[in-house]
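Next come the chains, spelled out residue by residue.
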Amino acid sequence: MPRARLDCVDAPNRDSYDVAAVATTPDTHWIYDIRVSGEDYYMEINLIKPEGIVIEFIGKDGTSYEREKDGEWEQSKQYFSLRQFYSPHPIEGNLLICPNLEWPSLTRIGEEMISGQLVEHFRLTIKEEQVQILERTYDIWVDSSGQLVQAQQVMDFEATESYPRTRATFRSTISGVGEPNVITAPVLLTPTPMATP
């Protein structure tokens, strides 16, 4: 295992981090605010275009909760892991933020500066077999310890009778790695028992 990857995996509290993400297509614009602590998470999704809807999700101790912003929390009918909502790359590794840089087909693009930090840029392109998806490209940027700093996923959809060829882009910025996040299950409203005649 490369030294940089060992440094990333051995870092304390590396399963605690924050994500700021933006997803766009020609017709939609979503903003994600995610806080992670191990398997637990809090996520706010803001659909800016077209509807202007804000939805919140919490995953805590194997139970999922959801609500529209400022509405009442409800327990989800099934548990949703964070990976079902947010999966910035398919590269296997001990942790999401420590991608395996020796993953087959992963190509090193070079070094770049992001927010004053020197990072390495890698790319993985997958020819899709799913209906309507032509190609999916993943870019990741990691620091000198092998830790994920930024990720981008681009999907190209073929044209259909109803829609022209479309590109969807999902870009994530990782921060606060190792800083504890406290994820708390929401208090659910319990229905008032009906009075017995």
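See the structure above.
Residues numbered from 1 in each chain as written. Predicted model: local features only at pLDDT ≥ 70, side-chain atom pairs only at ≥ 80, totals over all residues. Heavy atoms only, no water.

**Remarks on the overall build of the protein chain**
Argument step 1. Tallying secondary structure elements over the protein chain gives two helices and 11 strands in all.
Argument step 2. Buried positions account for 38% of the 197 residues belonging to the protein chain.
Argument step 3. A sequence separation of at least 24 residues applies to 38% of the contacts in the protein chain between residues at least 6 apart.
Argument step 4. Accessible area of the protein chain: about 11,800 Å², with a carbon and sulfur share of 50%. (Helix = DSSP H or I, 4+ residues; strand = E, 2+ residues; numbered from the N terminus. Buried < 20%, exposed > 50% of the residue type's maximum accessible area, 1.4 Å probe, protein only. Contact = heavy atoms within 4.5 Å. Areas by Shrake-Rupley, 256 points an atom, 1.4 Å probe, with all protein chains shown as cover.)

**Re a nonpolar patch on the surface**
Argument step 1. On the surface, Val22, Ile31 and Ile48 cluster together into a nonpolar patch covering about 200 Å² of accessible area.
Argument step 2. Relative to the assigned elements, Ile48 resides in strand 3 (residues 40–49).
Argument step 3. For Ile48, a relative accessible area of 38% translates into the label partly exposed. (Patch = residues over 30% accessible without salt bridge, like charges linked within 9 Å, V, L, I, M, F, W, Y side chains within 5 Å. Salt bridge = Lys/Arg side-chain N within 4 Å of Asp/Glu carboxyl O.)

**A short note on the side chain of Ser16**
Argument step 1. One can find Ser16 in strand 1 (residues 16–24).
Argument step 2. What makes Ser16 buried here is its relative accessible area of 5%.
Argument step 3. A polar contact of 3.3 Å, which involves the side chain of Ser16, links it to the backbone nitrogen of Asn181.
Argument step 4. If we ignore the near neighbours within four places in the chain, the residues touching Ser16 are Val36, Ser37, Gly176, Val177, Gly178, Glu179, Pro180 and Asn181. (Polar contact = N/O pair within 3.5 Å; in protein donor to acceptor, adjacent residues only side chain to side chain.)

**Let's talk about the environment of Asp70**
Argument step 1. In this fold, Asp70 is placed in the loop between strand 5 (63–68) and strand 6 (74–75).
Argument step 2. Since its relative accessible area comes to 66%, Asp70 is described here as exposed.

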